[in-house]
Amino acid sequence: MTLRSQSNAEAIFKKRDADKASFVWKHPACKKTPLRVIISGGGPVGLLLANQLKELFGLNVSVAVFEGRWKQAGGEIVWKSEEDGNKRRSQVITLQSRPLAMLPPALKEALLPEGGYSEVWPHGKDSPFEYGRPWNIRIVDIEDRLLEYAKKQGVQLIPEWFNPGKTDLINCDILAICEGRRSQTLHHFKNEFGEADVSPYSLQGVQVEDKILGLKVKTTLKCPETVLFSIIQNRFLLNTNDNGYGYLNMRLSPEESEEFQHTTTLRATRLWPRILDGLKLFGIDENDLLAISCFSISMDHRSRFSTILHWAPSDHPTYGFLLGDTANAIHFWPGRGLNQGILSAMSLALCLKERWKIGKSLREADFSKHEGIMHMLQHRHKSRAWYAMAHRNGGNVQPISNSIAMGLKKKDIKRAELLDALLERSTQMLSRLKGRLPELPSPETIKKRLELLSDETLHVLVLSKAWDTQWSGGPEVDLAIFYPNHK
Ligand SMILES: Cc1cc2nc3c(=O)[nH]c(=O)nc-3n(C[C@H](O)[C@H](O)[C@H](O)COP(=O)(O)OP(=O)(O)OC[C@H]3O[C@@H](n4cnc5c(N)ncnc54)[C@H](O)[C@@H]3O)c2cc1C
């Protein structure tokens, strides 16, 4: 992850300060009781942490959440609208069932009300049969539901950008930084947390970065087809929910990403027919392409996720924690970013519940278990995501975007061989999905769909390879092992 420059960060804080009132705790009390937690960032991870802390500690905790995308309206905290400059995120997120099984039941029900999610992806190690299939939910719905729950729980909601330089941390036991992947507060505390290391996710000394087109689409495709066509290649990924809206993600070659950045008329570019082929693969009509955005994703490695931020008064330091995307921004192709974020928040909440005692100072050692779990999450999720970013051909590792570039360049393509290769791949995937998903598409349906595509696209799909499920599979981080009483 590339952080903005320090001066840029300060400029942003200055701008945000202009309309910022100073923060005071709603419940004045001495520092020792109750536990005082500031959460910067009211995205899914920050809100989940706030709600879980209230569930676990009740009146023993004061929780204040800062979020710059909120505003006060009619005596209530609400999300800023598009007119206020806030575009709500509508991407569909897949949540695994096992991590959520450890949430307090009322909170889980608020997050996943009857009819408030879709089931698209199959059972797996993190969504075993006893807990159910993974759940697809729009991020905007996750945030709305968690915010409403936080209001009922008495969480102090502050509609402002958090500024560590302006907020007095002396009266705060815990600062949980949940600001997403470009956190200014982490930048402010970079000496305390240390710089991230990009080398584990670099090749030939260059950090691997994927450029992705996010194509907002409407689709009637059945879920098992969505899964099958997504996992037989690494160029396109569709994630939708039952209302038929979702995002078709398209991984670009380096040249395509340059072309996209410099064009004003996308329909006139070489990219456009390739986008249309992506729509055809998933049976989506061109008229149902609603919007296009472009974003980049890279990864880095962090050496620590918790630290002391403030020593005075010395018997009650302020501890800082990186959670969610601020801690571990993961490539979304294998779809686990928020899952690890939820686990990171649950781990901190459960660790605090286990170690905190009224009137007693917390020591760094109290957080060893949480710090260890954060490293496990980083290892498990980033190693899986790395298989969705780079191909291994023997000892030679190269970005998948380079394989796509090769697919676009090569001209001596035999269409029949490409179709055969993709059909054989599909048959293998179908046999792996059997019993894990209902109503799998027939080989005839798959063949018909593939025949709609150009030679060039077929070649790209072949070279982009199927999802690497063998090397990226294996045991998942299971919090229940560390907190068996919260199963
Ligand atoms: C296309 C795409 C698809 C994805 N699909 C999946 C998936 O299928 N499964 C999955 O698990 N994950 C998925 N993810 C990842 C998932 O969206 C993220 O992991 C998740 O949003 C992280 O939540 P967060 O709360 O840590 O950060 P964010 O969602 O980024 O929220 C951070 C919040 O902090 C606020 N903030 C920032 N700075 C400040 C400040 N100084 N003061 C106050 N507020 C601040 C921001 O306004 C924001 O509301 C996907 C991501 C993308 C881009």
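On a predicted model such as this, the values are computed, not experimentally measured, just so you know.

(A) Representation of the nonpolar core. Counting residues in hydrophobic clusters, the biggest one holds 80 residues, and the most contacted among them are I38, I39, L49, I174, L323, L352 and F367. With 10 residues, helix α12 (residues 337-355) is the largest single contributor of residues to this core. Setting aside anything within four residues of it in sequence, one finds L49 in contact with I39, A176, L323, A345, L348 and A349. Ranked by size, the runner-up nonpolar core spans 48 residues in total, among them V120, I212, L419 and M429.

(B) Focus on the sheet that holds strand β15 (residues 306-310). One open sheet accounts for six strands, arranged β7-β2-β1-β8-β16-β15; its pairing is mixed. Edge strands, defined here as strands with exactly one partner in the open sheet, are β7 (156-158) and β15. Adjacent strand axes in the sheet meet at a mean angle of 20° when their direction is disregarded. Relative to β7, strand β2 (residues 61-66) runs parallel, the two being bridged by three bridges. Bridge pairing in β7 links A64 to Q156.

(C) Spatial organisation of the site of the ligand. Looking at the ligand, there are 30 residues lining it, with E67, R69, F162, D325 and L338 nearest. Between L338 and the ligand, the recorded distance is 2.7 Å, taken from a backbone N or O atom to an oxygen atom. Take N339: an N or O atom from its side chain is 3.0 Å from an oxygen atom of the ligand. Its free accessible area being 1000 Å², the ligand has 89% of it covered by the protein chains. The dominant element in the shell around the ligand, judged by the number of residues it contributes, is α12, at three residues. Grouping the constituent residues of the shell around the ligand by class yields 11 nonpolar, 11 polar and eight charged.

(D) Representation of a positive patch on the surface. A cluster of like positive charges, contributed by K353, K357, K360 and R363, occupies part of the molecular surface. Note that K357 resides in the loop between α12 and α13 (368-387).

(E) Seen up close, the packing of helix α9 (residues 254-262) against helix α14 (residues 400-409). Their axes nearest at 8 Å, the elements α9 and α14 cross at an angle of 85°. Classified by the angle their axes make, α9 and α14 are roughly perpendicular. Residues P254, E255 and E256 of α9 lie in contact with α14, whose contacting residues are S401, N402, I404, A405, L408 and K409.

(F) Layout of the sheet that holds strand β14 (residues 289-298). Read across the sheet, four strands follow the order β12-β13-β11-β14 without closing on themselves; strand pairing throughout is antiparallel. If you trace the sheet from one side to the other, it starts and ends with β12 (236-240) and β14, each paired once. Here the strands of the sheet are splayed against their neighbours by 20° on average, with no regard to which way each runs. Across the sheet, α9 lies against β11 (209-218), β13 (245-251) and β14, angled at about 60° from β11, the strand it touches most.

Reading the values: rules and limits
- Residues numbered from 1 in each chain as written.
- Predicted model: local features only at pLDDT ≥ 70, side-chain atom pairs only at ≥ 80, totals over all residues.
- Heavy atoms only, no water.
- Core = buried A, V, L, I, M, F, W, Y, C linked by side-chain atoms within 4.5 Å.
- Buried < 20%, exposed > 50% of the residue type's maximum accessible area, 1.4 Å probe, protein only.
- Helix = DSSP H or I, 4+ residues; strand = E, 2+ residues; numbered from the N terminus.
- Contact = heavy atoms within 4.5 Å.
- Pairing = 2+ DSSP bridges.
- Axes fitted to C-alpha atoms, helices over the stretch in contact; angles between N-to-C directions.
- Near = heavy atom within 4 Å.
- Polar contact = N/O pair within 3.5 Å; in protein donor to acceptor, adjacent residues only side chain to side chain.
- Areas by Shrake-Rupley, 256 points an atom, 1.4 Å probe, with all protein chains shown as cover.
- Nonpolar A, V, L, I, M, F, W, Y, C, P; charged D, E, K, R; others polar.
- Patch = residues over 30% accessible without salt bridge, like charges linked within 9 Å, V, L, I, M, F, W, Y side chains within 5 Å.
- Salt bridge = Lys/Arg side-chain N within 4 Å of Asp/Glu carboxyl O.
- Lys, Arg positive; Asp, Glu negative; His and termini not counted.
- Charge placed at Lys NZ, Arg CZ, Asp CG, Glu CD.
- Parallel < 35°, antiparallel > 145°, perpendicular 65-115°, else oblique.

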